[in-house]
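Chains, contacts and geometry: an overview
The residues making up each chain are set out below.
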Amino acid sequence: VPTVRLNPALLAFECSMSGERTAINDVAGPVGLCGCCPPPGKPLVAIYDLAAVGALASSVASRSRGLWRFAPLLPIIEVPEGYADDVGDTPTFRAARFEAELDVELHVKREGSNPSGSFKDRGLAVGVALGAALGARRFCLPTQGNAGVAACLFSARLGLPGCLVYMPEAWRGSVYHRSCTLFGGEVRFAGSNVAEAGTRMRAELAAGLASGEVIDMSTFFEPGRLEGKKTMGLEIAEHFGAGALPDVIVYPTGGGTGLVGIWKAFEELLALGRLGGERLPRLVAVQSERCAPVVEAFERGLDHVEPVVSQGTAADGLDVPSAIMGHGILAAIRASRGTAAAVSEEAITAAFRASGAAGLSTSLEGAATLAAARLLRLRGEIAPGSRVLLLHTASHAVHVNRVNVA
Ligand SMILES: [Zn+2]
């Protein structure tokens, strides 16, 4: 296995619920959910010695391109050349076409330029490297979208055995199935939704998962994916600069890794003294009306997300009926004075078509952010003249066959 090296500034993994920490020196193998909360446990979060991060920053960052420019704030400080040079550094630009309609300053961050075509590459690049550094030799995950493709791609780049991907039966022959196979993955089908596929996966792979040989890369089941997604926040801060951050960041929320990650980035930059005393951006979590557990929990004032029964949405990435990090998602939204909004399927597809007509490449999840911006302007929850950033998390290619584009 090629060289992957832990960051010497990585102090501990902390339970996102109890705050209990496991020092990195006491970590003997790959890390999953916490052991302190009732089974299956809660997500663990990487904690850094920020003084050591500052010292590393000058020596490490300049050596890399892509994601690993931010190595001092990642759990893995060294990866093989070519492993992730093409991950991250995604373009952020004005979407002028919609500015008159919305009466805001509108920016888009386009994640479709990542190697497997979506923002999932950020999380899986770091998650796979972290797992490998801690001794894992194979990865697995249940998926109905881009995450599986990214897990296969980065397993292939490390020369590991093919990632074991479990998909619902109906996904046989889908673009995700074919892409996973292309990148060396081993795809298995079970059940009618991703939860059922996950149940089958954990039963079939029980022995390898228990020994730590196989790592479950499900959203928030290990701490690496969050750290990778955090780089979106680091890039946003870099692009706009201290004192000029967006007023509002609109984020399509399934499992919520990116939303929690963007907020973690801002908190770490604040602690490092890299941001001024400015107000941080308000975070808006966008979901489909047909599957909106985070929006329901937010509106009810809960501190955790209760599972819903999904009615199904064409935006695969939003078809996530529960959120194991719901407490973290809600905490980030509230700490930012943000909100959560559900948009209709019709509004999502209308925004997809409108984006395409304006020359913007976005998946349905990204289109949902435009639908939400429209809704929140109508409701007065985004003020005129605001600086608004939409996250376009993947390209149009994954969904163009799903929508009547005529
Ligand atoms: Zn715990």
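Before reading on, note that the structure itself is shown above.
My aim in this report is to walk through the structure given alongside it, one point at a time. (Residues numbered from 1 in each chain as written. Predicted model: local features only at pLDDT ≥ 70, side-chain atom pairs only at ≥ 80, totals over all residues. Heavy atoms only, no water.)

**Comments concerning the overall build of the protein chain**
For the record, the criterion: By definition, any uninterrupted DSSP run of H or I lasting at least four residues is a helix, any uninterrupted run of E lasting at least two residues is a strand, and each is numbered from the N terminus. The atom set for the radius of gyration is the C-alpha atoms, and the globule formula is 2.2 Å times the number of residues raised to the power 0.38. Buried residues are those whose accessible area, probed at 1.4 Å on protein chains only, stays under 20% of the maximum for their type, while exposed residues exceed 50% and partly exposed ones sit between those limits. Note on contacts: a residue pair qualifies if any of its non-hydrogen atoms lie within 4.5 Å across the two residues. In this tally, Lys and Arg are treated as positive and Asp and Glu as negative; His is ignored, and so are the chain termini. Every charge is mapped to an atom, namely NZ of Lys, CZ of Arg, CG of Asp or CD of Glu.
Each helix and strand counted, the protein chain has 13 helices and 15 strands in total. Scaling as 2.2 N^0.38, a compact globule of 406 residues should have a C-alpha radius of gyration of about 22 Å, and the protein chain matches this with 20 Å. Taken over the C-alpha atoms alone, the protein chain extends approximately 55 × 50 × 40 Å along its principal axes. Here the protein chain holds 406 residues, and the buried ones make up 60% of them. Counting only contacts in the protein chain whose residues sit at least 6 apart along the sequence, the fraction spanning at least 24 positions is 70%. Between the mean site of the 37 positive side-chain charges and the mean site of the 40 negative ones, the protein chain shows a separation of 3 Å.

**Looking at the coordination of the zinc ion**
The condition that has to hold: A donor here means an N, O or S atom no more than 2.8 Å from the metal, or no more than 3.2 Å when the metal is Na, K or Ca. Since water is not included, a site may seem to lack partners. Between 85 and 135 degrees for all angles marks four donors as tetrahedral; over 155 degrees for opposite donors together with 65 to 115 for all other angles marks four donors as square planar and six as octahedral; every other arrangement is irregular.
Protein-derived coordination of the zinc ion comes from Cys-15 (SG), Cys-34 (SG), Cys-36 (SG) and Cys-37 (SG), at a distance range of 2.2 to 2.3 Å. Bound by four donor atoms, the zinc ion shows angles of 104 to 123° at the metal and therefore tetrahedral coordination geometry. Along the chain, the residues donating to the zinc ion are arranged with the sequence spacing C-x18-C-x1-C-C. For Cys-36, a relative accessible area of 32% puts it in the partly exposed group. Cys-37 sits in the buried class, given a relative accessible area of 13%.

**As for the sheet that holds strand 2 (residues 10-15)**
Note the cut-off: Here, any two strands with at least 2 DSSP bridges between them count as paired. Only C-alpha atoms enter the line fits that serve as axes; for helices the fit covers just the stretch in contact. Angles between N-to-C directions range over 0 to 180 degrees.
Within the open sheet, the three strands sit side by side as 3-2-4. Their pairing is antiparallel. Each edge of the open sheet is held by one strand with a lone partner, namely strand 3 (21-23) and strand 4 (44-48). Strand-to-strand, the axes of this sheet are offset by a mean angle of 30°, without reference to chain direction. Examined bridge by bridge, strand 2 and strand 3 share three bridges and lie antiparallel to one another.

**Brief notes about the pattern of salt bridges**
Pairing is possible between side chains of opposite charge, provided their charged atoms come close. Condition: Each reported salt bridge corresponds to a side-chain nitrogen of Lys or Arg within 4 Å of a carboxyl oxygen of Asp or Glu.
Summed over the entire model, instances satisfying the criterion amount to 25 salt bridges. Between Arg-21 and Glu-14 there is a salt bridge whose closest N-O contact spans 2.7 Å. A salt bridge links Glu-111 to Arg-122, with the shortest nitrogen-to-oxygen separation between them at 2.7 Å. Residue Glu-111 is located in the loop between strand 7 (105-110) and helix 3 (120-133), and its partner Arg-122 is located in helix 3; the two are separated by 11 residues in the primary sequence. Each member of the pair, Glu-111 as well as Arg-122, is classed as buried. Shared partners join several salt bridges into a network, and the residues in it are Arg-138, Glu-186, Arg-188, Arg-200 and Glu-204.

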